[in-house]
Amino acid sequence: MKLLPNYFKLIGFILYTIASVLATNYSFNLDDVHKPAGLFIQLITLLSLVLIIFSKQKIDDEMVKYNRLKSLQISILVVVLLRVLYKCFAFYFEDDKWLPEFQINFLLLVYVIVFHFLQIVLPFVSQKIAKLKGHEE
Amino acid sequence: MRNNLKVERAKLNLTQEDLAQKIEVSRQTINAIESSKYVPSTVLALKLARVFKTTVNELFELEKND
């Protein structure tokens, strides 16, 4: 699959930060259909996440492809489980404030977190563990 | 699946980084292959064999439970 060049990831992160700042300072409901600014903020958030997801890594090899698929699988599982859990909470407490309201943004966000965990955190940790084991031998 | 990438690498005195550059992958990928966390595709296995001037069968070996 054709992907965007690596620098789009940086643009995506910058846009996401801007959108987060805007969303936290926005005093109205983001889904208020009479105020187009809400739609604007939501579209920037969505665009930034899509840019992050669809840009290449610095070295884009086959393991990165494999990690992309794996993180998609994990993130779908996480989102579905969370939704089910929240719904169960809502029915258990008989309180509709627990009813899940996550949208596609949440799936993309979980995907970004899982993917970067697999790409950066996991290799780093496993390397540290391997080094420790090496010292013991 | 077992592999003797580490041994072959030592014979040629290559670091993981050197090998990664030769076959255009990241160092993390080489590390993952060596520690059997990732099974390379046929193309990558052939590229590895070409670097070490050997065959894929010499580099990778099936285990009983595979």
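Quick summary incoming for the structure in this document.

Reading guide: rules and limits
- Residues numbered from 1 in each chain as written.
- Chains lettered and ligands numbered in written order.
- Predicted model: local features only at pLDDT ≥ 70, side-chain atom pairs only at ≥ 80, totals over all residues.
- Heavy atoms only, no water.
- Helix = DSSP H or I, 4+ residues; strand = E, 2+ residues; numbered from the N terminus.
- Rg over C-alpha atoms; globule rule 2.2 N^0.38 Å.
- Buried < 20%, exposed > 50% of the residue type's maximum accessible area, 1.4 Å probe, protein only.
- Contact = heavy atoms within 4.5 Å.
- Areas by Shrake-Rupley, 256 points an atom, 1.4 Å probe, with all protein chains shown as cover.
- Phe/Tyr/Trp six-rings, centres within 6.5 Å; stacked < 30°, edge-to-face > 60°.
- Lys NZ or Arg CZ within 6 Å of the ring centre and 35° of its normal.

Okay, the overall build of chain B next. Within chain B one finds 5 helices and 2 strands. The order of helices and strands in chain B, counted from the N terminus, is β-α-α-α-α-α-β. Taking 11 Å as the expected radius of gyration for a compact globule of 66 residues, we find that chain B reaches 11 Å, a close match to that expectation. Considered along the principal axes of its C-alpha atoms, chain B spans approximately 30 × 20 × 20 Å. In chain B, which comprises 66 residues, the share counted as buried stands at 39%. In chain B, the proportion of contacts linking residues at least 24 apart, taken out of those at least 6 apart, comes to 55%. Looking at chain B as shown, the accessible area adds up to about 4300 Å², and 49% of this sits on carbon and sulfur atoms.

Before going further, it helps to examine the packing of aromatic side chains. Residues and elements named next belong to chain A. By the definition in use, this model includes 6 aromatic pairs over all chains. Aromatic side chains Tyr26 and Phe28 sit 5.8 Å apart centroid to centroid with 75° between the ring planes, which places their arrangement in the edge-to-face category. Ring geometry for Phe89 versus Phe93: centroids 5.8 Å apart, planes at 5°, classification stacked. Of this pair, Phe89 and Phe93 both sit in helix α3 (residues 62–93), 4 residues apart, roughly one helical turn. Residue class for Phe89 comes out partly exposed when judged on its relative accessible area of 32%. One aromatic cluster in this structure is built from Phe89, Tyr92 and Phe93. Over the aromatic face of Phe28 sits the side chain of Lys35, whose NZ or CZ is 4.6 Å from the ring centroid.

Attention now moves to helix α3 (residues 27–34) of chain B. Counting buried positions over the 8 residues of α3 of chain B gives 6, a clear majority of the element. Where α3 of chain B is concerned, the buried positions are Thr29, Ile30, Asn31, Ala32, Ile33 and Glu34 of chain B.

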